[in-house]
Amino acid sequence: MSSSALVLSDVGDETWGAVLEQGRVAELHVENARRPGIAGNVYKGRVGRVIPGMQAAFVDIGSDKDAFLHVSDLPQARAADFDFEADEADSAWAAPEEAEQASAPPRPPAPPIQDLLREGQEILVQVAKEPMASKGARLTAQIALPGRALVHLPFIDRVFVSRRIEELAERDRLTALAESERRGPGGWIVRTAAEGTGDAAFTRDAAYLRGVWAAIQERERGSGAPVLIHRDLNLAERLLRDVVSEGFEEVVVDSDRLRTLARDFLERYLPGLGVRVRVAEGSGTLLDDMGIHQEIERALKPRIWLKSGGSIVVNPTEALVAIDVNTGKFVGRHSLEETALETNLEAVREIVRMLRLRDLGGIIVIDFIDMIEPANRDRLQTALYEELRKDRSRTRPLAISDFGLVQLTRKRTRRSLDRTLQVACPACGGNGRIRSAIVVYYQVQRALSRGAALAGPDGPTVRLHPATIARFDEEGLRLRAAGGGAAPHVVPDPALSEERFEVVW
C-alpha cells in the first residue's frame with residue numbers, strides 16, 4: 001500500500017470513498033445515489049419569511065424544510081462587510097483551505113436584510129451546509145464554484161490565494177495568473193492544489209469554471225422558483241478533484257464505472273501526476289479486504305485505545321464534542337509529567353484523525369492530561385497545530401488553558417460519520433443509557449393504577465423483557481395489585497426493550 005491512496009467502492013446504491021494515509025483511514029465519505037447530498041448545489045429559490053430580529057430569511061428551494069439564509073451570506077452584505085476566507089467557499093462546496101485577500105478595502109456597514117430581501121422574491125442561492133436533524137439547509141447567495149486549481153467567485157471582484165501556499169514567489173506567480181483570468185466581474189480563490197500548476201492547466205480550469213457560471217446564468221433566466229439550477233459533482237468526482245495530489249500514488253476501485261471515471265478524470269486534470277488506477281478483484285468486498293470496515297468499527301466506539309495503553313473517549317453531544325484523554329494502562333518510565341506528555345502527544349495524532357474520519361464539527365473541547373511544565377504545554381500545542389494542518393476542513397483552535405483544556409471549532413458541511421452510519425438506539429431512544437429497574441418499576445405501577453378500573457377478576461398481564469424481570473427480582477421489586485384487584489401476571493417478552501413494557505387488561 002502506498003503512503004497515500006484514495007479508495008472508491010460501489011456497494012449497492014452507495015459509493016464509499018476512503019482516504020488512506022500511511023495505510024490508515026484518515027477520511028471516510030459515503031453517498032447514496034438515491035439520496036445524494038445537496039451541499040454545493042445551486043438553486044433558484046423563493047424568499048419566504050424575512051426575520052429582521054435574526055437578520056435572516058427562510059428560502060424555499062423545493063426541499064421538505066425551508067432553508068436558512070443569513071444577511072452575511074448575501075452578495076450585498078459581503079461587498080459591504082468583507083471578511084472572507086477561502087475555506088468558507090472551499091469547505092462548503094469543495095475542499096477546505098484558508099486564503100487571504102490580495103487587497104482589503106474599507107468596510108462600510110452592511111445594510112439590514114429587510115432592505116435587501118422581500119417575501120416572494122426569487123434569488124439564486126447555493127447550499128453551504130446540508131440539512132441536519134431538525135434544521136433545514138444553510139444557504140449562501142455568495143456563489144462559489146470550485147474547480148481543481150481555482151474557485152470562481154462571480155460576485156466578488158478580487159483574487160485570494162490559499163494561505164497553505166507559503167513560498168512567496170509561487171504566491172506571486174499564481175496571483176498574476178489569477179489576475180490575468182479576471183475578464184469582467186468576478187474573482188478567484190487560488191486553491192492549495194494550484195501550487196506548481198502550469199499556465200495551461202490553470203487557464204483550462206478558469207475557462208471551465210467560467211463556462212459553468214455561464215450555464216447557471218442561462219438556466220436561471222429560463223426557470224421559475226424553486227428549482228435546482230446546478231448540481232455539484234458526485235462523491236467520487238469530488239474526492240478525485242479535491243484529495244488526489246502529489247502525495248498520492250494510486251486510486252483503488254472495484255467497479256468498471258469507477259475505473260472509467262477515475263481514469264478519465266486523472267487524464268483530464270492530472271495528466272503528469274503519475275497516479276495510477278488499480279482495479280481490485282472481487283465486487284463489494286474492497287472495504288473489507290483493505291481493513292477499512294474494521295477501522296470504521298473501531299472509530300465509532302466511544303473509547304479508542306492508544307498503542308501505549310492510554311485511551312481517548314469521544315462523546316458527541318447536541319452542543320459540542322467532548323474528548324477526554326486518559327493514561328489508562330500506560331504508567332510511563334520516569335515521572336508523571338513525562339507520562340502525561342507522551343500520552344498527550346500520542347493522543348493528538350489519534351484525536352485529529354478521529355475528527356477527520358468521523359467528520360466531527362462545531363465546538364470541540366479536548367481535555368488533555370494536566371501538565372505542569374510550560375515547555376511541555378507549548379510542545380503539545382505545536383503538535384496539535386501541526387496535525388490540524390492535515391485537516392481539509394477549517395479548524396480554529398485556542399491556546400491550551402491552565403486546566404489542560406483545548407477548545408476549537410471545526411467546519412462541517414455534511415452529516416458526520418456518526419449520523420451517516422448510526423441511528424438512534426430503539427431501546428434507549430438515543431440517550432446512550434436505559435432507565436434503571438426502580439424507574440421502570442414505578443412506571444409500571446403508575447400504569448396499573450391508571451387502568452385499575454379496567455381490571456377484570458383475573459388481573460392484568462404485564463409484559464416485560466426477561467432481563468428487566470431479573471432486575472426486579474434482584475432488587476426485591478414485586479408488582480402490586482391496583483385498586484384492590486387481582487395481582488398482575490408478569491410475562492417475559494424478549495421482543496420488548498429492557499425499559500419498555502405492555503399492560504394488557
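Since this is a predicted model, take the numbers as computed values, not measurements.

Student: Mind showing me how you'd approach the sheet that holds strand 19 (residues 321-326) here?
Tutor: Each strand in a sheet pairs with its neighbour through backbone hydrogen bonds, running either in the same direction (parallel) or in the opposite one (antiparallel). Within the open sheet, the six strands sit side by side as 17-18-19-20-22-21. Their pairing is mixed. Pairing within the sheet leaves two strands with one partner each, and these edge strands are strand 17 (303-305) and strand 21 (395-397). Each adjacent strand pair in this sheet contributes to an overall mean axis angle of 20 degrees, direction not counted. As paired strands, strand 17 and strand 18 (residues 311-316) are joined by three bridges and run antiparallel to one another. The partner of Arg 303 across the bridge, within strand 18, is Val 313. Here helix 9 (residues 336-358) sits on the sheet in contact with strand 17, strand 18, strand 19, strand 20 (362-367) and strand 22 (405-410), set at roughly 150 degrees to strand 19.

Student: Help me out: how do you make sense of the pattern of salt bridges in this one?
Tutor: Any two side chains of opposite charge can pair, given that their charged atoms come close. Enumeration over the complete set of coordinates arrives at 36 salt bridges. Ionic pairing is found between Glu 295 and Arg 24, a salt bridge with its closest N-O pair at 3.8 Å. Linking Glu 295 in helix 8 (residues 292-299) with Arg 24 in strand 3 (residues 24-32), this pair joins segments that are 271 residues apart in sequence. Note on Glu 295: relative accessible area 16%, which makes it buried.

Student: Which parts of the structure should I look at to understand the sheet that holds strand 23 (residues 461-464)?
Tutor: Read across the open sheet, the three strands follow the order 24-23-25; overall the sheet is mixed. Every other strand in the sheet has two partners, leaving strand 24 (489-492) and strand 25 (501-504) as the edge strands with one partner each. If you compare each strand with its neighbour and ignore which way they point, the axes differ by 20 degrees on average. Relative to strand 25, strand 23 is paired through four bridges, and the arrangement is antiparallel.

Student: Would you explain the confidence of the model for the protein in this entry?
Tutor: Regions with low pLDDT carry predicted coordinates that are not meant to be interpreted in detail. Per-residue confidence for the protein averages 86 on the pLDDT scale, and 90% of its residues sit at or above 70. The element-level mean pLDDT for the protein is lowest in helix 2 (residues 86-93), coming to 37, with strand 5 (residues 56-60) highest at 97. For residues 78-106, every residue scores under 50 in pLDDT, and the model assigns this stretch 118 contacts once sequence neighbours within four places are set aside.

Student: When you look at a nonpolar patch on the surface in this model, what are you seeing that I'm missing?
Tutor: A grouping of Ile 438, Val 439 and Tyr 442 is seen on the molecular surface, where their side chains present a nonpolar patch of about 240 Å² in accessible area. Secondary-structure assignment places Val 439 in helix 12 (residues 437-450). Judged by its relative accessible area of 35%, Val 439 falls in the partly exposed class.

Student: Can you help me understand the environment of Arg 463 in this one?
Tutor: As for its position among the elements, Arg 463 is in strand 23. Classification of Arg 463 as partly exposed rests on a relative accessible area of 30%. Residues Arg 463 and Val 503, spaced 40 residues apart in sequence, show a C-alpha to C-alpha distance of 6.4 Å. Apart from the residues lying within four places of it in its own chain, the contact partners of Arg 463 are Val 491, Asp 493, Leu 496, Arg 500, Phe 501, Glu 502 and Val 504.

Student: So what exactly am I meant to see when it comes to unusual backbone geometry here?
Tutor: Trans peptide bonds make up most of the peptide bonds, and negative phi angles are found at most residues other than glycine. Residue Pro 226 is bonded to the preceding Ala 225 through a cis peptide linkage, with omega at 0 degrees. By secondary structure assignment, the location of Pro 226 is in the loop between helix 4 (199-221) and strand 14 (227-230). Positioned with a positive phi, Gln 55 is a non-glycine residue whose angle comes to about 50 degrees. By the secondary structure assignment, Gln 55 is in the loop between strand 4 (42-51) and strand 5. A positive phi angle, near 50 degrees, is found at Asp 359, a position not held by glycine. Inspection of the secondary structure assignment puts Asp 359 in the loop between helix 9 and strand 20.

Student: I tried to follow the packing of helix 8 against helix 9 on my own but got confused; where do I start?
Tutor: When two helices pack together, their arrangement is given by the angle between their axes and by how far apart the axes lie. Contact geometry of helix 8 with helix 9 gives a least axis separation of 11 Å together with a crossing angle of 105 degrees. Here helix 9 runs roughly perpendicular to helix 8, going by the angle between their axes. Residues Glu 295, Arg 298 and Ala 299 of helix 8 lie in contact with helix 9, whose contacting residues are Glu 350, Arg 353, Met 354, Leu 357 and Arg 358.

The rules behind the values
Residues numbered from 1 in each chain as written. Predicted model: local features only at pLDDT ≥ 70, side-chain atom pairs only at ≥ 80, totals over all residues. Heavy atoms only, no water. Pairing = 2+ DSSP bridges. Helix = DSSP H or I, 4+ residues; strand = E, 2+ residues; numbered from the N terminus. Axes fitted to C-alpha atoms, helices over the stretch in contact; angles between N-to-C directions. Contact = heavy atoms within 4.5 Å. Salt bridge = Lys/Arg side-chain N within 4 Å of Asp/Glu carboxyl O. Buried < 20%, exposed > 50% of the residue type's maximum accessible area, 1.4 Å probe, protein only. pLDDT = per-residue confidence, 0-100. Patch = residues over 30% accessible without salt bridge, like charges linked within 9 Å, V, L, I, M, F, W, Y side chains within 5 Å. Areas by Shrake-Rupley, 256 points an atom, 1.4 Å probe, with all protein chains shown as cover. Parallel < 35°, antiparallel > 145°, perpendicular 65-115°, else oblique.

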